[in-house]
Every structure is written in structure tokens, then in C-alpha cells.
Amino acid sequence: MKMDVLALFPEIIAPALQTGILKRIQDDGGLSVNVYNLRDWTTDKHKTVDDYPYGGGAGMILKPEPIFAAAETLNAESDAQFIFLTPQGIPLTQPMVEALSLETHLILICGRYKGVDERVREKIVTKEISIGDYVLSGGEIAALVILDAIARVLPGALGDFESAHEDSFSKDLLDHPHYTRPADYEGLKVPEVLLSGHHDNIKKWRYVEALKRTAQRRPDLLKELELTDEELAIVNKAK
Ligand code: ADE
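All of the points below concern the structure found in this document.

Rules used in this analysis
- Residues numbered from 1 in each chain as written.
- Predicted model: local features only at pLDDT ≥ 70, side-chain atom pairs only at ≥ 80, totals over all residues.
- Heavy atoms only, no water.
- Helix = DSSP H or I, 4+ residues; strand = E, 2+ residues; numbered from the N terminus.
- Buried < 20%, exposed > 50% of the residue type's maximum accessible area, 1.4 Å probe, protein only.
- Contact = heavy atoms within 4.5 Å.
- Lys, Arg positive; Asp, Glu negative; His and termini not counted.
- Charge placed at Lys NZ, Arg CZ, Asp CG, Glu CD.
- Phe/Tyr/Trp six-rings, centres within 6.5 Å; stacked < 30°, edge-to-face > 60°.
- Core = buried A, V, L, I, M, F, W, Y, C linked by side-chain atoms within 4.5 Å.
- Near = heavy atom within 4 Å.
- Polar contact = N/O pair within 3.5 Å; in protein donor to acceptor, adjacent residues only side chain to side chain.
- Areas by Shrake-Rupley, 256 points an atom, 1.4 Å probe, with all protein chains shown as cover.
- Nonpolar A, V, L, I, M, F, W, Y, C, P; charged D, E, K, R; others polar.
- Salt bridge = Lys/Arg side-chain N within 4 Å of Asp/Glu carboxyl O.
- Pairing = 2+ DSSP bridges.

Quick look at the overall build of the protein
Point 1. Regarding its fold elements, the protein presents 11 helices and 10 strands.
Point 2. Within the protein, the fraction of its 239 residues that count as buried is 41%.
Point 3. Pairs at least 24 apart in sequence give 74% of the contacts found in the protein among residues at least 6 apart.
Point 4. Across the protein, the mean location of the 27 positive side-chain charges is 4 Å away from that of the 38 negative side-chain charges.

And the structure:
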């Protein structure tokens, strides 16, 4: 998979590409990431990327020409999805991350200032994504969130492939609690069942805890599920 990022501050993104899963999956050839500076597609001496809004008002707008020029260069094979990062976009979810991970080429466009000339959205953007209901100073951090979330679901990203698909949200439930050694930390004990070696009981305990946790913290997620009477009883008790 190939991901290109078009940004005014590529230096925000570059260091994260050199660490952890993002680095490993690139080294292994599962992902190719390039981060570009939008100013490289300007044609004037001052490398101008923004201009005043028609109609007046505060804030500057990203000019269309450098973005169109960059889009043409980066999408030479013309099969890319153009994703614009904006708080006006569709809120990012794990199913969206998994769907995006199946694409061959994504071009992420990071907004800055007051926004981008609307014609960019009309002409090239195929999807607008928000990473949450708050406003960042630019799309770079949002692009990094998407890069990271996609990288970890690509085949070969995690040593244990299962763990990406068993964590919070992958089954529409939050994850169950986890413990490691010691079994007793100053009187705080690990639940007995986890020490029992009884795999069926452990599996059941984890499922019940995931249900309880979801009921307590994100009851909205349960609305999407068809729960059995037994599961409903657990949920109602946990609330
Ligand atoms: N740019 C600024 N805020 C953003 C957000 N919440 N999501 C995506 N891009 C953004």
C-alpha cells in the first residue's frame, strides 16, 4: 500500500514514520509513505500557499493551484483516493480504518489556516475525514493518526496478527482488562481465573469483562449488537 501526505509542516509527521510499527512495516515493504511539502508546488518567489478569502473575513485560505499541481504529480497512476483532513469530515472509526487499509494508494491532504479553497474539495477530494469533534491547528496530526491506525492493521504489521483484530473496537466491544506479573502487587491480586490455566473459563471471563466495560463506558456501542438474554443481563447489571 502507498500513502502520500501533502502538508505544510511535514516535519510534524516525519519522525513518527521512523519508529515502531510504522517504521517496521515500511522496512518490510508492506507500506510506502512519502510526506511532501505543499510549498514545493508553488511557482512564486515567496512560495505562497495561502491567500485572503473572497468576500472578506478573518483567516487565510489554502490556494488551489499548488494542491492541484501536487495532485497531478502524485496521482500519476490516477487510482488514488484523495482524503482531506478536516473537522467537517466523516468521524474516523475502526471499520473505516480497516476499509482504507485495503486501498492501494491514499493521498492525504492536510488543511491549515481557515481552510482550503472549496474547488479542491469539489474537484479532487474523494473522502473527508475528521479524527474527532475538536479543532486542531492543522491536518498533520490527523494524517498521522490515520497513518498509524492503518499501518497496524496491515498484514504483517503486528507480530501476533490476532491482537489487532481482538482489541477495542474490532469486535464492537471495548477490550477486557489485562494483567501481567506479579500475580500479587502489594495486595492487588490478579483475578484467580486468569491464573487457572482453564482456557474456556478465561475466554468467558474476558468476554464478560469486555461486555461490562463497554456497558459502563460506551453503552452507545452496544446498540449495534444483538445481545442474548444472558448478555443483556450482564450489561444491565454492569450499568
Ligand atoms: N484538522 C483540524 N482539526 C481536525 C480534525 N478534528 N480532524 C481532522 N482534521 C482536522
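Once you've had a look at it, read on.
Quick look at the packing of aromatic side chains
Point 1. Scanning all chains against the criterion turns up one aromatic pair.
Point 2. On the numbers, 5.7 Å between centres and 65° between planes, the contact of Tyr-36 with Trp-41 is edge-to-face.

A few points about the nonpolar core
Point 1. By size, the foremost hydrophobic cluster in this structure holds 29 residues, and its most contacted members are Ile-13, Leu-31, Leu-85, Leu-108, Leu-147 and Ile-150.
Point 2. Among the secondary structure elements, those contributing two or more residues to this core are β1 (2-7), α2 (20-27), β5 (81-91), α4 (94-100), β6 (105-110) and α6 (140-151).
Point 3. Examining the composition of this core, we find that eight residues originate from one element, α6, more than from any other.
Point 4. Counting residues in hydrophobic clusters, the runner-up holds 19 residues, among them Leu-38, Leu-62, Ile-109 and Ile-124.

Considerations on the site of the ligand
Point 1. As a matter of local geometry, the ligand sits amid Leu-85, Thr-86, Pro-87, Ile-129, Ser-130, Ile-131, Gly-132, Tyr-134, Val-135, Leu-136, Gly-138 and Ala-142.
Point 2. Tyr-134 is positioned such that a nitrogen or oxygen atom in its backbone is 2.8 Å from a nitrogen atom of the ligand.
Point 3. A distance of 2.9 Å is found between a nitrogen atom of the ligand and a backbone nitrogen or oxygen belonging to Leu-136.
Point 4. Surface burial for the ligand is 96%, taken as the share of its 260 Å² of free accessible area covered by protein chains.
Point 5. Examining the composition of the shell around the ligand, we find that three residues originate from one element, β5, more than from any other.
Point 6. Its residues assigned to classes, the shell around the ligand shows eight nonpolar, four polar and no charged.

Here we look at the pattern of salt bridges
Point 1. Applying the stated criterion to the full structure yields nine salt bridges.
Point 2. The shortest N-O distance in the salt bridge between Arg-112 and Glu-140 comes to 3.0 Å. Pair noted here: Arg-112 is in the loop between β6 and β7 (115-116) and Glu-140 is in helix α6, with a separation of 28 residues, a long-range link.
Point 3. Between Asp-220 and Arg-218 there is a salt bridge, and its shortest N-O distance comes to 2.9 Å.

Topic: the sheet that holds strand β3 (residues 50-51)
Point 1. The three strands lie next to each other as β3-β4-β7, forming an open sheet whose pairing is mixed. One side of each edge strand has no neighbouring strand; the edge strands of this open sheet are β3 and β7.
Point 2. Looking at chain direction, strand β4 (residues 61-62) and β7 are connected through two bridges and run parallel. Note that in β7 the partner of Leu-62 across the bridge is Val-116.

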